[in-house]
Amino acid sequence: MELPRNLLCIIIFLLICTAHASGSEQAAVALLQWKSTLDSSSTKNLFSWSPTNSICLWFGILCGNTTSHIIGLRLPGASIKGRLDTLNFTAFPQLTELNLSSNDLHGAIPANISMLQALVYLDLSFNRFKRIIPPQLGSLSNLIDLRLNNNNLTGAIPCQLSKLPKIVRLEISNNNFDKPEFSPMPTLQLFSMHNMGINGSFPEFILECPNLTFLDLSWNRLSGSILELLPKTAPDLTYLKVRSNWFSGPLPPIIATLRQLQYLELSNNNFSGVIPRELGTLTALIILDLQNNPLSGPIPVEICNLSNLHWLNAAGNNLSGTIPPCISSMAALKRLELWNNQLEGELPVTICLLHSLKYLLVGFNRLTGHVPDDLGQGQPLTIVDLSNNDFSGELPPRLCNNLQLQQLVVNNNSFSGLLPACPNLTYAWVGQNNFSGDISHVIGKYPNLRGLDASRNQFTGMISPDYFCQLLFLEFLDLSGNQLYWELPSCLMKLPLLNFVDLSRNAFSGEFPTLTSPNCSLTSLHLANNNFTGGFPSSLSYCSSLTILDLGNNRFNGKVPSWVSHKMPSLKVLQLRSNMLQGCIPWQLSHHSQLQLLDLANNQLSGSIPRQFANFASMIQLNNGFHLGSTHILLTYSNRALTPYSDRINLIWKGKYYTFEKAIGHMIGIDLSSNLLSGEIPTELTNLKGLQLLNLSRNNLSGGIPNDVGNLKALESLDLSCNELSGRIPESLSSLTFLSSLNLSNNQLTGPIPTGGQLGTLNDPSIYSNNSGLCGLPLNIICLNRSSGSAVNKDADPGIYFSTLVGFALGFWLWFGALIFFDIWQIAVLTCIDRVLNMIVQRIQNC
């Protein structure tokens, strides 16, 4: 019996609906089961995944227009954490898109993803997947877009990926793969494999991908002639990025045949020669980056033809000549980076016609003259770097007219006059110029400051504490080397973000401000060469993060408090030289496990050197160094530190006055010179094997030089002069292979001077002068008896030797002449000799 046609249609429709319902139900079960395996704290974005909701309404689920089949799972940046191998992929036969990027998925990429045969788009980037890429991914014949970048994947890239018949986009960057050995991929248009640490020549298969438009090989160690070959094999390239590799040789003019090129980044390689004029024909270029190559010669004027260029970066080369005035033709230019070259001449006036210019970075060149007056007029300047040139005159008054300037870097020039008012300025690096004016006007112009270096100028005056109280975002302040004379405002020490302060070499006076709350965030404080008075600042007990404290060359008095050790546990440098400090050196300073430089020289400290100094943990081991300036690099652009600011310390090193900057991070030393210290040098100090500087001169130390001084293997400078040391110079001193400065003069040392080793190069007699008992080289004093150390001075008056010889000869002839010429004398002498011989014979017989 046949069923009615209408009934048959209804049954078929119900069967189809049942099948659809069954498929979506399986998918829902699979997703809920996967959710249960995820970290529960990471599933807050999946709260809609519930049996009470239609699966097509779940977060991240994309269903087909006519059916409830899931065709997409989109969960980028959903903060989910867990594994992917617990997801049942068989429940998604029609899935075309799987996007799980920017999550916290870990473990291996499951091989059964290959069951998603309908998959067109697969994005697992920015997770923590590890191990290898499963070769089964090569069976996803419909895959067009595959992104596995930014994971922890390792090993060989399966060659099966190059067999994907429809693949257009392949991203495998930021993993630890071996160089891919792919076969030709005629459909591939976008390929990215940057930062994989791959050595050797570039992958040859790239030259067999004729449809490539986007190629990123940056941050590897690749070499070869890719710039000569690519224009022939991939003529449609629009994006080429090979920065930070080992490509070398001149830039080939053939690269100019890539007429569709919009992005060309060749920075951080070894490309040499001149910039090809032919680059001026790439009129589609938006970004041209040639930074950090040994390119030389002038900037070709043909570059001015790039009217669509937004960013020109030729920094860090050896370019010479002038900046072409035709640069005004590059009307779209937003960033001009020519810093760190050898460009000369004036900044062209035509640069003021670039009305889209935001970044002007021409520091570290040989530019001269005045900056154009109209610079900044109608230009949205955000960062201006004119530093380390020879500019003069005043800064343009219109520089801040657009109110957008945030970073002004003009240090190390010859600018003069007043600073322009820039209310939105956050960083001002204006040091080492001839700027003048009242400092309060300067700080008042920049209420949003985070960093200010106005050092080594001619600023004068005093600052009201109210100005500092408003700088709530201030992190860095350097006003050193000016003519400032005000007292230190207490508000300065309370700024919540301030970590670096340098007010040294001014005329500040008064006592250190009193703090009542532990809000000090300072890590580095320099107040040297001022007129501060009073006792050691008790307010510093709140500055527990201090790593460098320099209070030298002031008039601080009283004792060095013992609480310095536990209130400032992170100190690496403590410099209190040239003050009026008294009393004993607190042995508790030895608790500073990170202290590498202790300078208490030129005070009135008394007592003995603490034996506990042998416990300085950072001085016991050979120096690995630390970087004092690392926390003070405040700004970066284009992968370059805008101002790689380093701490600096003034130090007597090898008998001369030096200013150490970056090198201070590798300095280990103790300077206790010019005090009233007495007693012996503790033998325990010879345990400090990392010590490079030891200066105990101009004290009242007695006893001998420790015999194990040779244990100080890293010692470069040793000064024990002007004490009351006695005894011999230890032989172990000759084993100090790095010793290049030595002073043992003005003591009471005796015995022979050791020889051999590095001491052979220290041949200045003044090293040992005014030690009356020393002998040997380089002194002109002969050691007669090596064991006793008795000496004869070779430089004694020769008349004495002559008189002695004459007296000896005269006496000899007087005596023996009498024997020869007078018989009575002969008889007397012979009779005496005869008696002596008889006595000797009798004694022998008696024995």
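Along every chain, residues carry numbers that run from 1 in the direction the sequence is written. The predicted nature of this model means local features are confined to residues of pLDDT at least 70 and side-chain atom pairs, given and counted, to a pLDDT of 80 or more, with totals for whole chains, interfaces and linings taken over all residues. With hydrogens and water stripped out, all remaining heavy atoms of the structure feed into the side-chain values.

The protein is annotated in an unreviewed UniProt entry as Leucine-rich repeat-containing N-terminal plant-type domain-containing protein of Urochloa decumbens. In its Subcellular location (unreviewed entry) section, UniProt records this for the protein: "Cell membrane". UniProt positions are given in the numbering used here, feature names are shortened, and annotations may be inferred rather than shown by experiment.

1. Some words on the overall build of the protein
We count a stretch as a helix when DSSP gives it H or I for four or more residues in a row; a strand needs E for two or more, and each element gets its number in order from the N terminus. Counting secondary structure elements, the protein contains eight helices and 62 strands. Working rule for contacts: check all heavy atoms of both residues, and any pair within 4.5 Å makes them a contact. Residue pairs in contact within the protein that sit at least 24 positions apart in sequence constitute 51% of those at least 6 positions apart. Under the convention used here, a 1.4 Å probe and the Shrake-Rupley method define accessible areas, while residue burial counts only the protein chains that appear. Total accessible area computed for the protein in this model is approximately 36,800 Å², and 54% of it derives from carbon and sulfur atoms.

2. Looking at helix α2 (residues 226-233)
Between buried and exposed lies partly exposed: a residue is buried under 20% and exposed over 50% of the maximum accessible area for its type, with that area taken using a 1.4 Å probe on protein chains only. Among the residues of α2, those classed as buried are Ile226, Leu227, Leu230 and Pro231. Considered in projection along α2, the buried side chains sweep an arc of 125° and stay on one side of the axis. Those residues of α2 hidden inside the fold are in contact with β14 (214-216), β16 (239-241) and β19 (270-272). It is the directions from the helix axis to the C-beta atoms whose arc is reported.

3. Details of the state of the cysteines
Disulfide: a pair of cysteine sulfur atoms within 2.5 Å of each other. Under the defined criterion, the tally for this structure stands at five disulfides. The disulfide that involves Cys304 links it to Cys326, with 2.0 Å between the sulfurs. Linking Cys304 and Cys326, the disulfide has an S-S dihedral of approximately 65° and is accordingly described as right-handed. On the criterion of sequence distance, the pair formed by Cys304 in the loop between β21 (296-297) and β22 (311-313) and Cys326 in the loop between β23 (318-319) and β24 (335-337) is long-range, its members being 22 residues apart. Between the sulfur atoms of Cys520 and its disulfide mate Cys543 the distance is 2.1 Å. Taking the sign of the S-S torsion, about 100° here, the bridge from Cys520 to Cys543 comes out right-handed.

4. Section: the pattern of salt bridges
The salt bridge definition used is simple: a Lys or Arg side-chain nitrogen within 4 Å of an Asp or Glu carboxyl oxygen. Following the criterion strictly, the structure yields 14 salt bridges and no others. The residue Asp374 makes a salt bridge to Arg398 at a minimum N-O spacing of 3.3 Å. Of the two residues, Asp374 is situated in the loop between β27 (366-369) and β28 (383-385) and Arg398 in the loop between β29 (390-393) and β30 (407-409); the sequence distance between them amounts to 24 residues. On the basis of relative accessibility, which here comes to 32%, the residue Arg398 falls in the partly exposed class.

5. Topic: the sheet that holds strand β3 (residues 81-83)
At least two DSSP bridges between two strands are needed for those strands to be called paired. Strand order in this open sheet of five strands is β3-β5-β7-β9-β11, and the pairing throughout is parallel. Lying at the two open borders of the sheet, with one neighbouring strand each, are β3 and β11 (176-177). Judged from the three bridges that link them, strand β5 (residues 104-108) and strand β7 (residues 128-131) form a sheet pairing that is parallel. Its bridge partner being in β7, Gly107 is matched across the sheet by Phe129.

6. With respect to the environment of Ile70
Relative to the assigned elements, Ile70 resides in strand β2 (residues 70-74). For the pair formed by Ile70 and Ile55, sequence separation is 15 residues and the distance between their alpha carbons is 8.5 Å. With residues near it in sequence (within four places) discarded, Ile70 still touches Ala27, Leu31, Ile55, Ile61, Leu62, Cys63, Phe92, Gln94 and Leu95.

7. Observations concerning the packing of aromatic side chains
Classification of ring pairs uses Phe, Tyr and Trp, with its six-membered ring standing for Trp, and accepts pairs whose centres are within 6.5 Å; under 30 degrees between planes counts as stacked, over 60 as edge-to-face, and the remaining range as tilted. Evaluation of the coordinates by the stated rule reveals 15 aromatic pairs. Residues Trp34 and Trp49 carry aromatic rings whose centres are separated by 6.4 Å and whose planes lie at 40° to one another, so their mutual orientation is tilted. Here Trp34 is found in helix α1 (residues 5-37), whereas its partner Trp49 is found in the loop between α1 and β1 (61-63), with 15 residues between them in sequence. No difference in accessibility class separates Trp34 from Trp49, as the two residues are buried. When the centroid spacing of 3.8 Å and the interplanar angle of 15° are considered together, the rings of Phe214 and Tyr239 count as stacked.

8. Description of the nonpolar core
Here, nonpolar core means buried Ala, Val, Leu, Ile, Met, Phe, Trp, Tyr and Cys residues that are tied together by side-chain atoms lying within 4.5 Å of each other. In this structure, Ile113 and Phe191 are the most contacted members of the largest nonpolar core, which totals 212 residues. Elements supplying a minimum of two residues to this core: α1, β1, β2, α2 and α3 (439-445). At five residues, α1 tops the list of elements feeding residues into this core. Residues Val409, Tyr427, Trp429 and Phe476 belong to the second largest nonpolar core, which totals five residues.

9. Things to note about the sheet that holds strand β55 (residues 700-702)
Spatial strand order, β39-β41-β43-β45-β47-β53-β55: seven strands in an open sheet with parallel pairing. Looking at strand neighbours, the two that pair on one side only are β39 (509-511) and β55, the edges of this open sheet. Each strand axis lies, on average, 15° off the axis of its neighbour in the sheet, ignoring direction. By the bridge criterion, three bridges tie β39 to strand β41 (residues 531-535) in an arrangement that is parallel. Across the sheet, the residue bridging to Glu511 is Thr533, located in β41. Axis definition: a line fit to C-alpha positions, over the contact stretch in the case of helices; interaxial angles, taken between N-to-C directions, run 0 to 180 degrees.

10. Focus: the pairing of strand β45 (residues 580-584)
Taken together, the three bridges between strand β43 (residues 555-559) and β45 define a ladder with parallel strand orientation. Bridge pairing in β45 places Gly558 opposite Leu581. Of the strand pairs in this sheet, β45 and strand β47 (residues 604-607) are connected by three bridges, and their pairing is parallel. Considered in β47, the bridge of Gln582 is made with Gln604.

11. Points about the environment of Cys352
Along the chain, the position of Cys352 falls in the loop between β25 (344-345) and β26 (359-361). Residues Cys352 and Pro372 lie 20 residues apart in sequence; the distance between their C-alpha atoms is 7.6 Å. Beyond its immediate sequence surroundings of up to four residues, Cys352 is in contact with Pro372, Asp374, Leu375, Gln377 and Gln379.

12. Description of the environment of Leu497
Counting through the fold element by element, Leu497 comes out in the loop between β37 (483-484) and β38 (500-502). Residue Leu497 is classed as partly exposed on the basis of its relative accessible area of 41%. In this structure Leu497 touches Leu472, Phe473, Leu474, Glu475 and Ser521, once residues within four positions along its chain are discounted.

13. Notes on the side chain of Ser565
Tracing the sequence through the fold places Ser565 in helix α5 (residues 564-567). Pairs of N or O atoms are called polar contacts if they sit within 3.5 Å, as long as, within protein, a hydrogen donor faces a hydrogen acceptor (for residues adjacent in sequence, only side-chain-to-side-chain pairs). Polar side-chain contacts of Ser565 include one of 3.4 Å to the backbone oxygen of Gln588. In contact with Ser565, not counting residues within four places along its chain, are Gln588, Leu589, His591 and His592.

14. Side note on unusual backbone geometry
Glycine aside, negative phi is the norm for most residues, and most peptide bonds take the trans geometry. Cis peptide bonds are those with omega within 30 degrees of zero, and the linkage from Leu777 to Pro778 qualifies with 5°. Mapping Pro778 onto the fold places it in the loop between β60 (773-775) and β61 (781-785).

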